[in-house]
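Notes for the structure review
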Amino acid sequence: MTISCQSSFQNNIHGSKPEGCGSLFLVATPIGNLEDMTYRAVRTLQECDIIAAEDTRQTRKLLSHFEISPSMLFSYHEHNKAASGPELIRYIIEGKNLALVSDAGLPAISDPGADLVALAISHSIPVIPIPGANAALSALIASGLPTTTFTFSGFLPRERKDIRAVLSTLALAQGTLLFYESPHRVLKTLTHLQEAFGNRRVVLARELTKRYEEFVRGTIEECSAWLAEHPPLGEYVIVVEGESKEEADLAGSAWWRELSIEEHVAHYETSGSERKEAMKKAASDRGLSKRDVYNTLLIRE
Ligand code: SAM
């Protein structure tokens, strides 16, 4: 079957589209409000030969709401992608048009869709995005934080040391930061964010496009206090203010960034400074008072 008005010219330097091959359509679905489904998404789902879904039960409900009866509904998720991916690619090469949907929003954002896209491209299969709702960008545009440069980081890892590693990299990222989070981890995640970034401004964007949509704006401390009073419910995007100009200026000259305060002071001592002078220099580099540095060294000595 050919889908009218949805042709896409795709140049693949490493190979050409196999004869008679179908296309992979990445179809956005709503993140809550069903009215956010686009006309094009409905039509594509109606016209494709196969729909591959993360959760087929969830997708069946969506399809039935829009009176779409798929010829074939396949499951494609994190735990079956290794087997299901190549099978879906085979169908497309045989001439079927396949629509990939996730549970909500854009497929391939924080779900295994990106693997199927990479596999399709490696077989020179045309990949066609059918855009629509996305939680991270919806949160960003309503956050009031800068939107010119941003980093989407999805879900943080589970292990504390992995979380720290990711956040220490992000501490240097320019612009606003975006995270996905579940309600039972959002408070803990704010604690990690505060440890890594200090008390920056954040926006908790909850239940976007749904009945209880809510934005909580404040510092990390204020938002944590809010969550302690209003237990988290529903789905969250955490939007975090980027590095401030002062932080960025400080980081620009931060040859000492990887050093502990002790190592930082020791560096100046070995370069010939008296201990007091070395503490003064380290304090000035870090934007701390001499007393802060002195107290830190005292605690650790
Ligand atoms: N593909 C989706 C997209 O395009 O936004 C994201 C899927 S990801 C598996 C699910 C996470 O997205 C949730 O845990 C939550 O952090 C975020 N999310 C999804 N829907 C949301 C909503 N209506 N409001 C706030 N966050 C949402």
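Residues numbered from 1 in each chain as written. Predicted model: local features only at pLDDT ≥ 70, side-chain atom pairs only at ≥ 80, totals over all residues. Heavy atoms only, no water.

Overview of the site of the ligand
Neighbouring the ligand are 19 residues, the closest being Asn134, Ala135, Tyr180, Leu208 and Tyr236. For the ligand, a nitrogen atom lies 3.2 Å from a polar atom in the backbone of Ile109. In this structure, a nitrogen atom belonging to the ligand sits 3.5 Å away from a main-chain N or O atom of Glu207. A total of 570 Å² of accessible area belongs to the ligand in isolation, and the protein chains cover 91% of it. Going through the elements one at a time, strand S7 (176-181) and strand S10 (236-240) are the ones with two or more residues in the shell around the ligand. The residue makeup of the shell around the ligand, split by class, is 11 nonpolar, 4 polar and 4 charged. (Near = heavy atom within 4 Å. Polar contact = N/O pair within 3.5 Å; in protein donor to acceptor, adjacent residues only side chain to side chain. Areas by Shrake-Rupley, 256 points an atom, 1.4 Å probe, with all protein chains shown as cover. Helix = DSSP H or I, 4+ residues; strand = E, 2+ residues; numbered from the N terminus. Nonpolar A, V, L, I, M, F, W, Y, C, P; charged D, E, K, R; others polar.)

Observations concerning the sheet that holds strand S6 (residues 150-155)
Strand order in the open sheet formed by 5 strands is S6-S7-S10-S8-S9, with mixed pairing between adjacent strands. Two strands lie at the open edges of the sheet, namely S6 and strand S9 (214-219), each paired on one side alone. Across the sheet, the axes of successive neighbouring strands diverge by a mean angle of 15°, strand direction being ignored. In terms of strand pairing, strand S8 (residues 201-206) meets S9 through 6 bridges, oriented antiparallel. (Pairing = 2+ DSSP bridges. Axes fitted to C-alpha atoms, helices over the stretch in contact; angles between N-to-C directions.)

Some words on the environment of Phe66
Position of Phe66 among the secondary structure elements: in the loop between helix H2 (56-65) and strand S3 (72-75). Each C-alpha atom, one on Phe66 and one on Met37, is 9.3 Å from the other, the two residues being 29 residues apart in sequence. When residues no more than four places from it in sequence are discounted, the contact partners of Phe66 are Leu34, Met37, Val42 and Gln46. (Contact = heavy atoms within 4.5 Å.)

What to know about the environment of Ser244
Here Ser244 lies in the loop between S10 and helix H9 (245-252). For Ser244 and Ala28, which are 216 residues apart along the polypeptide, the C-alpha to C-alpha distance reads 34 Å.

Considering unusual backbone geometry
Across the chain, the bulk of peptide bonds are trans and the bulk of non-glycine residues have phi less than zero. Although it is not a glycine, Glu67 sits at a positive phi angle of roughly 55°. Here Glu67 shows up in the loop between H2 and S3. Of the residues examined, Glu67 reaches a relative accessible area of 70% and is grouped as exposed. Unusually for a residue other than glycine, Thr209 sits at a positive phi of about 70°. By secondary structure assignment, the location of Thr209 is in the loop between S8 and S9. (Buried < 20%, exposed > 50% of the residue type's maximum accessible area, 1.4 Å probe, protein only.)

Looking at helix H4 (residues 113-122)
For H4, every residue scored as buried is listed here: Gly113, Leu116, Val117 and Ala120. Each buried residue of H4 lies within a common arc of 100° when the element is viewed along its axis, so the set occupies one face. Of the surrounding secondary structure, the elements contacted by the buried residues of H4 are strand S1 (24-27), helix H3 (81-93), strand S4 (98-101) and strand S5 (127-130). Downstream of H4 by one or two residues, Ser124 has phi in the positive range, about 60°. (Arc of directions from axis to C-beta.)

A look at the nonpolar core
Burial of nonpolar side chains together is a common tendency in soluble globular proteins. Counting residues in each nonpolar core, the largest one holds 21 residues, and the members touching the most others are Phe179, Leu193 and Leu204. Secondary-structure elements contributing two or more residues to this core are helix H6 (160-170), S7, helix H7 (186-197), S8, helix H8 (220-229) and S10. Top element by residues in this core is H7. It accounts for 4 residues. Those residues in contact with Leu193 that lie beyond four places of it in its chain are Leu167, Phe179, Gly198, Ile220, Ile238 and Val240. (Core = buried A, V, L, I, M, F, W, Y, C linked by side-chain atoms within 4.5 Å.)

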